[in-house]
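Report on the structure
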Amino acid sequence: AQSVAQPEDQVNVAEGNPLTVKCTYSVSGNPYLFWYVQYPNRGLQFLLKYITGDNLVKGSYGFEAEFNKSQTSFHLKKPSALVSDSALYFCAVRDMNNNAGNMLTFGGGTRLMVKP
Amino acid sequence: DAMVIQNPRYQVTQFGKPVTLSCSQTLNHNVMYWYQQKSSQAPKLLFHYYDKDFNNEADTPDNFQSRRPNTSFCFLDIRSPGLGDAAMYLCATSRDYPVGDNEQFFGPGTRLTVL
């Protein structure tokens, strides 16, 4: 079975400060890991993914995430937050060894609030 | 631009009155998914199509059905909506599975209100 945990329901950060949104995962094999962002009344937008290779993955809008196998984590980071980054963020995982389809398991979401 | 389109964006129906939500894609992807999302919670997968093959999640109620008449279109039918079915319904596509780095592309969603 695969699972994802986002331990923080909400993260508050001041504009210009670095931000981190946490994600930990559990899979039986090796993971594919994804981050999506959702703005109000919109669908999910893909931010970045980890498949293999370099543990630091760079994505859209200046976001990056670091894959840490020993800690089974894939935290989302940005060096300098913008007010426009305020949104709901979802981490998702798929077990590479799961041949039952391209089924993603989503975390519960973390609301990011960036204050001016 | 290639994209996933959902119509309508907002749908109001009455308790027990059948409703159909529409999704179309110009990405020519093999896989189409329907998710239900309530109150900023994680999206919950209802079912998906791989080409014409329908795959239902074990806990999806029988009240929810789907049709995929061709590669581009997929419909979600709710036969007798209850108040608990009010939610955002998200359609997504992916190129293929199970191998590969196939991220899912989401439509903007349809927000369903049940009166």
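This text goes with the structure placed above it.
Criteria and thresholds
Position labels on residues start from 1 in each chain and follow its written sequence. Chains and ligands are labelled by the order in which they are written, letters from A for the one and numbers from 1 for the other. In view of the model being predicted, local features appear only for residues whose pLDDT reaches at least 70, and side-chain atom pairs are presented and counted only at 80 or more, with totals across whole chains, interfaces and linings using the full set of residues. Based on all heavy atoms of the structure, the side-chain values leave hydrogens and waters out of the count. In this text, helices come from DSSP runs of H or I with a minimum length of four residues, and strands from runs of E with a minimum of two, each type numbered from the N-terminal end. Side-chain atoms alone can form a polar contact between residues adjacent in sequence; in general such a contact is a pair of N or O atoms within 3.5 Å, and within protein one must be able to donate a hydrogen while the other accepts it. Two residues qualify as a contact provided that any one of their heavy atoms is within 4.5 Å of a heavy atom in the partner residue. In plain terms, two cysteine sulfur atoms within 2.5 Å form what is called a disulfide here. Residue exposure (1.4 Å probe, protein chains only): buried if accessible area is under 20% of the type maximum, exposed if over 50%, otherwise partly exposed.

Residue and element names in this part refer to chain B. By the element assignment, Gln-25 lies in strand 3 (residues 19-25). Side-chain polar atoms of Gln-25 contact the backbone oxygen of His-29, separated by 2.9 Å. The residues contacting Gln-25, other than those within four sequence positions of it, are Met-3, Val-4, Met-32, Arg-68, Thr-71, Ser-72 and Thr-93.

Attention now moves to the state of the cysteines. Structurally, a disulfide amounts to a covalent bond that connects the sulfur atoms of two cysteines. Counting across every chain of the model gives two disulfides over all chains. Linked covalently through their sulfurs, Cys23(A) and Cys91(A) form a disulfide whose S-S length is 2.0 Å. For the disulfide bridge between Cys23(A) and Cys91(A), the dihedral angle about the S-S bond is near -65 degrees, and by the sign convention the bridge is left-handed. In this pair, Cys23(A) is assigned in the loop between strand 3 (19-21) and strand 4 (24-26) and Cys91(A) in strand 10 (residues 87-95), connecting sequence segments 68 residues apart. Covalently, Cys23(B) is tied to Cys91(B) through a disulfide, its sulfur atoms 1.9 Å apart. Across the disulfide from Cys23(B) to Cys91(B), rotation about the S-S bond amounts to roughly -75 degrees, and the bridge is consequently left-handed. Taken together, the positions of Cys23(B) in strand 3 and Cys91(B) in strand 9 (residues 87-94) put the pair 68 residues apart, joining distant regions of the chain. Cys91(B) carries the same exposure label as Cys23(B), and that label is buried.

Geometric descriptors of this kind do not, in isolation, establish any biological role.
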